[in-house]
Amino acid sequence: MTRKELAGALKRQLNPRRATWQKPAALVRALGLRRGQMVAEIGAGPGYFTPRLARAVGPSGHVFAVDPEPAVLDVLRRRVARSGVRNVTPVLGRDDDPLLPRGRCEVAVLINVYHHLHGAGRFLRRLVAALPRGARVVNVDWNEDSEFGPPPKRRVPRTRFLRDARRAGLRFVADRKLLEHQYFLELRRGR
């Protein structure tokens with residue numbers, strides 16, 4: 001990632017107006033996180049959600065904030081340090097593997113990231129393999145017909161994501177109607 005690309009990505013991801021359409025407090029509440037849980041935040045970026053997730057699981061919980069860009073993780077580290085939370089571990093993942101500790105994360109959260117993944121189905125299979133049985137996976141991504149968001153050709157339709165999820169060993173739990181421009185799908189790892 002060039003400096004210019006990094007600057008553009010950070011500007012988009014940390015834009016204060018994002019709260020009007022992303023509804024971060026409502027989204028984190030809808031995740032139903034509990035104190036003491038371990039959470040994998042896939043595609044954490046500069047940490048827009050990271051401190052919120054860390055506070056939701058409390059000091060006895062933990063967030064593994066995964067991103068494949070070292071420069072972005074540097075920004076995340078600084079933002080997390082300023083936020084005062086201490087229960088976050090930045091993880092330099094790969095495009096094909098989140099490199100999470102096996103069997104530890106009870107919830108994996110993907111927010112605005114699945115459409116960025118190359119080989120998304122393969123990545124999802126590796127993610128699910130790192131989760132314990134019964135773990136939840138939540139994917140929040142762009143509706144096909146929204147006038148807002150990335151170009152339509154870059155979006156991953158919910159039907160394609162659900163097909164990838166089924167192949168990865170996930171079963172559908174809920175489709176929450178929380179956000180105007182995005183779907184919010186909750187799944188669970190089967191046996």
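Heads up: the structure comes first, above all this text.
Residues numbered from 1 in each chain as written. Predicted model: local features only at pLDDT ≥ 70, side-chain atom pairs only at ≥ 80, totals over all residues. Heavy atoms only, no water.

Colleague: Lay out the sheet that holds strand S6 (residues 170-176) in plain terms, naming residues and giving numbers.
Modeller: Ordered in space as S3-S2-S1-S4-S5-S7-S6, the seven strands form an open sheet in which the pairing is mixed. Two strands in the sheet have a free side with no partner beyond their single neighbour: strand S3 (88-92) and S6. Across the sheet, the axes of successive neighbouring strands diverge by a mean angle of 20°, strand direction being ignored. Note: strand S4 (residues 107-111) against strand S5 (residues 136-142), five bridges, orientation parallel. From the neighbouring strand, Ala-108 faces S5, where its bridge partner is Val-137. (Pairing = 2+ DSSP bridges. Helix = DSSP H or I, 4+ residues; strand = E, 2+ residues; numbered from the N terminus. Axes fitted to C-alpha atoms, helices over the stretch in contact; angles between N-to-C directions.)

Colleague: Which residues make up unusual backbone geometry, and what values go with them?
Modeller: Phi at Lys-23 takes a positive value of approximately 50°, unusual for a residue other than glycine. Mapped onto the elements, Lys-23 comes out in the loop between helix H2 (18-22) and helix H3 (24-30). Phi angles above zero are rare outside glycine, and Asn-112 is one such case at about 60°. Structurally, Asn-112 can be placed in the loop between S4 and helix H6 (120-130). Residue classification places Asn-112 among the buried residues on the basis of a relative accessible area of 12%. (Buried < 20%, exposed > 50% of the residue type's maximum accessible area, 1.4 Å probe, protein only.)

Colleague: Describe in detail a positive patch on the surface, supporting the description with residues and values.
Modeller: A grouping of Arg-122, Arg-125, Arg-166 and Arg-167 is seen on the molecular surface, where their side chains present a positively charged patch. The set of elements that each furnish at least two residues to the positive patch consists of H6 and helix H7 (158-167). (Patch = residues over 30% accessible without salt bridge, like charges linked within 9 Å, V, L, I, M, F, W, Y side chains within 5 Å. Areas by Shrake-Rupley, 256 points an atom, 1.4 Å probe, with all protein chains shown as cover. Salt bridge = Lys/Arg side-chain N within 4 Å of Asp/Glu carboxyl O. Lys, Arg positive; Asp, Glu negative; His and termini not counted. Charge placed at Lys NZ, Arg CZ, Asp CG, Glu CD.)

Colleague: Give a description of the layout of surface pockets that names residues and reports values.
Modeller: Quantified by volume, the largest pocket comes out at close to 1,100 Å³. Lining the largest pocket are 40 residues, and of these Arg-12, Gln-13, Asn-112, His-115 and His-116 lie nearest its centre. Within the residue set of the lining of the largest pocket, elements represented by two or more residues are helix H1 (3-13), H2, strand S1 (38-42), strand S2 (62-67) and S4. The dominant element in the lining of the largest pocket, judged by the number of residues it contributes, is H1, at five residues. Among the residues forming the lining of the largest pocket, the class breakdown is 22 nonpolar, nine polar and nine charged. (1 Å grid on protein atoms, 1.4 Å probe; cavity = no way out; pocket = protein on both sides within 12 Å on 5 of 7 lines; lining within 4 Å. Points joined across faces, edges and corners; volume = space filled by probe spheres on them. Nonpolar A, V, L, I, M, F, W, Y, C, P; charged D, E, K, R; others polar.)

Colleague: Tell me what's going on with the nonpolar core, and back it up with residues and numbers.
Modeller: Soluble globular proteins tend to pack their nonpolar side chains together in the buried interior. Grouped together as the largest cluster of nonpolar side chains are 30 residues, with contacts concentrated most on Ile-42, Leu-100, Tyr-114, Leu-124, Leu-127 and Phe-161. Elements with a contribution of two residues or more to this core: S1, S2, S4, H6, H7 and strand S7 (182-189). By residue number, the principal contributor to this core is H6, which donates six residues. Once you skip the residues sitting within four places of it in the chain, Leu-124 turns out to touch Tyr-114, Phe-161, Asp-164, Ala-165, Ala-168 and Leu-170. Judged by nonpolar contacts, the second largest core, of 24 residues, contains Leu-27, Ala-44, Ile-111 and Val-138. (Core = buried A, V, L, I, M, F, W, Y, C linked by side-chain atoms within 4.5 Å. Contact = heavy atoms within 4.5 Å.)

Colleague: I'd like to hear about the packing of aromatic side chains, residue by residue, with values.
Modeller: Applying the stated criterion across every chain yields a total of five aromatic pairs. An angle of 40° between the planes, with centres 5.1 Å apart, marks the rings of Trp-21 and Trp-142 as tilted. One end of the pair, Trp-21, is in helix H2; the other, Trp-142, is in strand S5, and 121 residues separate them in sequence. Of the residues examined, Trp-142 reaches a relative accessible area of 6% and is grouped as buried. Between the aromatic rings of Tyr-48 and Phe-49, the centroid separation amounts to 5.1 Å while the plane-to-plane angle is 80°, which identifies the pairing as edge-to-face. Aromatic rings pair up to connect Trp-21, Trp-142 and Phe-148 into one cluster. The ring of Tyr-48 has Arg-18 lying over it, and the distance from NZ or CZ to the ring centre is 3.9 Å. Here the basic side chain of Arg-52 rests over the ring of Tyr-48, its NZ or CZ set 4.7 Å away from the ring centre. (Phe/Tyr/Trp six-rings, centres within 6.5 Å; stacked < 30°, edge-to-face > 60°. Lys NZ or Arg CZ within 6 Å of the ring centre and 35° of its normal.)

Colleague: Give a description of helix H5 (residues 70-83) that names residues and reports values.
Modeller: Its 14 residues give H5 an end-to-end C-alpha distance of 20 Å, which sits within 8% of 20 Å, the value for a rise of 1.5 Å per residue. Restricting attention to buried positions, one finds in H5 the residues Val-72, Leu-73, Val-75, Leu-76 and Val-80. For H5, the arc enclosing every buried residue in end-on projection is 155°, short of the 170-degree limit, so these residues lie on one face. Of the residues in H5, the exposed ones pointing more than 90 degrees away from the buried face are Ala-81 and Arg-82. Packed against the buried residues of H5 are H1, helix H4 (50-57), S2 and S3. Trailing H5 by a residue or two, Gly-84 shows a phi angle of about 90°, which is positive. (Expected span 1.5 Å × (residues − 1). Arc of directions from axis to C-beta.)

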